[in-house]
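# What the coordinates show
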Amino acid sequence: MSLTDTLARIDTDVLQALAPRTDAEGRFPREAIDALAGAGLLGLVSATAVGGQGRGLAEAAQVITALARTCPSTAMIVCMHYCATAVIEAFGPEPLRRAVAEGRHLSTLAFSEAESRSHFWAPASTARAEGEAVLLDARKSWVTSAFEADSYVWSSKPVVADGASTLWWVDAKADGLSQPGRFDGLGLRGNASTPITAQGVRIAADQRLGADGQGFDIMMGTVLPWFATLSACCSVGLSDGALTRAIGHVGATQHQHLSTSLADLPTIRAYLARGRIKADMAQALVNDTIAAIGAGRLDTMLRVLEVKAAAAETALEVTDIAMRVCGGAAFRKEAGIERLFRDARAASVMAPTSDVLYDFIGKAVTGLPLF
């Protein structure tokens, strides 16, 4: 079965019924994650040598876009898993890589902290050596799949080396990890994004991912391209999902006394045209970003910085259009549009925020150093 067909089957069999419940109950979509694991999609970007599918960013983007059309919460969970997997594949031990590849292990990123806010590349958390072990202390502010994932790709200050950070893989069941509160938010209500506190969490020194002090380079060279692109795919997918629902509504809604539909109104068609153009422009930028990363083009970092901001802001505009053209019907839960409208609010304020990215893009185009 092709990747497209597999995603369509999961959408029909699992996501369409589960997504409204995920949102309404603020529940982690475990059934969706299990279905993706069963289809081999949690191991999509793991190497074939350890049992994965050996696919790349383009295929990961296809998965995230498809999931986000129906359930952006599931899409963001898998986005973070793929980002963590990219690091684990490059630096992790083989047993961990095999567990991920075989769909037995869900991972995620644990970068953002209360002290550094959206500046995820500058952790305040610490790692200190104690014999053959390392002790971690931190106040992570937002961790997708918190206490639902099996492990975290975790950032801290270096133990002894120079540099901004060091990365580790941390078992989600490790002693000393606690969850200060549950998530009950506006959108992406099923992605279990909560703070995590670490107090003297003991891990083995060989759970380090990369060299001590190399975290910043891994964040910028590996994590940021994957995260920015896949986050953009989530925004593009939910934009497409909102437009599809809006188009279906205006085509089916009749003015009985006039024998016309809402789609017969030029203003409605014009709004939908604007939304379609915006969503397609964002998709084109995603495609070009993937091409730039794959080819190692000189403009790769510029595209990486642009794609998340552009897609996030597009999703705000497109979901607003979908709400506008559907009127009061869009406010009803069963239409599914207001859920996507709420979910779309997250990307622009998720680190690195659109405003932070605008500053980076401005620096890049004026020839200033980013950091």
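In this text, all values refer to a predicted model and were calculated from it rather than measured experimentally.

## Some thoughts on the packing of helix α8 (residues 300–326) against helix α9 (residues 337–344)
- Orientation of α8 relative to α9, taken along the N-to-C sense of each, is 155°, at an axis distance of 9 Å. Taken as axis vectors, α8 and α9 run roughly antiparallel relative to one another. Seen along the crossing, α8 lies across α9 with a hand that is left-handed. Facing Ala315, Leu316, Thr319, Asp320, Ala322, Met323 and Cys326 of α8, the residues of α9 in contact are Ile337, Glu338, Leu340, Phe341 and Ala344.
- For the contact of α8 with α9, the class distribution of residues is nine nonpolar, one polar and two charged.

## Section: unusual backbone geometry
- Following alanine 351, the chain continues to proline 352 via a peptide bond in cis, the omega torsion being -10°.
- Here proline 352 shows up in the loop between α9 and α10 (354–365).
- At leucine 188, a residue that is not glycine, the phi angle is positive and equals roughly 45°.
- Note on placement: leucine 188 falls in the loop between β6 (177–178) and β7 (194–204).
- Take leucine 188: its relative accessible area is 6%, and that puts it in the buried class.
- Phi angles above zero are rare outside glycine, and alanine 192 is one such case at about 50°.
- As for its position among the elements, alanine 192 is in the loop between β6 and β7.
- For alanine 192, a relative accessible area of 15% corresponds to the buried category.

## Some thoughts on the sheet that holds strand β8 (residues 208–209)
- Ordered in space as β1-β4-β5-β8, the four strands form an open sheet in which the pairing is mixed. Whereas interior strands pair on both sides, the edge strands pair on one side only; in this sheet they are β1 (107–110) and β8.
- The pairing of β1 with strand β4 (residues 151–156) spans four bridges and is parallel. The residue bridging threonine 108 from the neighbouring strand is tyrosine 152, located in β4.
- Across the face of the sheet, helix α4 (residues 72–91) comes into contact with β1, β4, β5 (166–171) and β8 while running at roughly 90° to β1.

## Some points on helix α2 (residues 30–38)
- Taken as a whole, α2 has its buried residues at Ala32, Ile33, Ala35, Leu36 and Ala37.
- Just downstream of α2, glycine 40 is the residue with a positive phi angle, here 85°.

## A few points about the nonpolar core
- Core analysis: the biggest nonpolar cluster contains 80 residues, and Ile64, Tyr82, Trp226 and Leu230 have the highest contact counts within it.
- Per-element accounting of this core gives the leading share, 13 residues, to helix α6 (residues 215–252).
- If sequence neighbours within four positions are ignored, tryptophan 226 has contacts with Val45, Gly56, Leu57, Ala60, Tyr82, Cys83 and Ala86.
- Ranked by size, the runner-up nonpolar core spans 20 residues in total, among them Ala246, Val250, Leu272 and Val325.

## Observations regarding the environment of lysine 308
- Assignment of secondary structure puts lysine 308 in helix α8.
- Distance in space between the C-alpha atoms of lysine 308 and serine 231 is 6.3 Å, their sequence separation being 77 residues.
- Beyond its immediate stretch of four places on either side in the chain, lysine 308 contacts Phe227, Ala228, Ser231, Ala232, Ala347, Met350, Ala351, Pro352, Thr353 and Leu357.
- A polar atom in the side chain of lysine 308 sits 2.7 Å from the backbone oxygen of alanine 347.

## Description of the side chain of threonine 74
- Positionally, threonine 74 belongs in helix α4.
- Residue threonine 74 is classed as buried on the basis of its relative accessible area, which comes to 0%.
- Apart from the residues lying within four places of it in its own chain, the contact partners of threonine 74 are Leu15, Pro29, Ala32, Ile33, Leu36 and Leu67.

## A closer look at the packing of helix α7 (residues 266–295) against α8
- Across the interface, α7 lies against α8 with an axial gap of 9 Å and an inter-helix angle of 160°. Considering the angle they form, α7 stands roughly antiparallel to α8. Of the two elements, α7 crosses α8, and the hand of that crossing is left-handed.
- Per-class residue counts for the contact of α7 with α8 are 16 nonpolar, four polar and seven charged.

## As for the sheet that holds β7
- Within the open sheet, the four strands sit side by side as β2-β3-β7-β6. Their pairing is antiparallel. Each edge of the open sheet carries a strand with a single partner, namely β2 (126–130) and β6.
- When β6 meets β7, the two strands line up antiparallel, connected through two bridges. From the neighbouring strand, leucine 177 faces β7, where its bridge partner is alanine 198.

What counts and how
Residues numbered from 1 in each chain as written. Predicted model: local features only at pLDDT ≥ 70, side-chain atom pairs only at ≥ 80, totals over all residues. Heavy atoms only, no water. Axes fitted to C-alpha atoms, helices over the stretch in contact; angles between N-to-C directions. Helix = DSSP H or I, 4+ residues; strand = E, 2+ residues; numbered from the N terminus. Parallel < 35°, antiparallel > 145°, perpendicular 65-115°, else oblique. Left-handed = near helix turned anticlockwise from the far one by under 90°. Contact = heavy atoms within 4.5 Å. Nonpolar A, V, L, I, M, F, W, Y, C, P; charged D, E, K, R; others polar. Buried < 20%, exposed > 50% of the residue type's maximum accessible area, 1.4 Å probe, protein only. Pairing = 2+ DSSP bridges. Core = buried A, V, L, I, M, F, W, Y, C linked by side-chain atoms within 4.5 Å. Polar contact = N/O pair within 3.5 Å; in protein donor to acceptor, adjacent residues only side chain to side chain.

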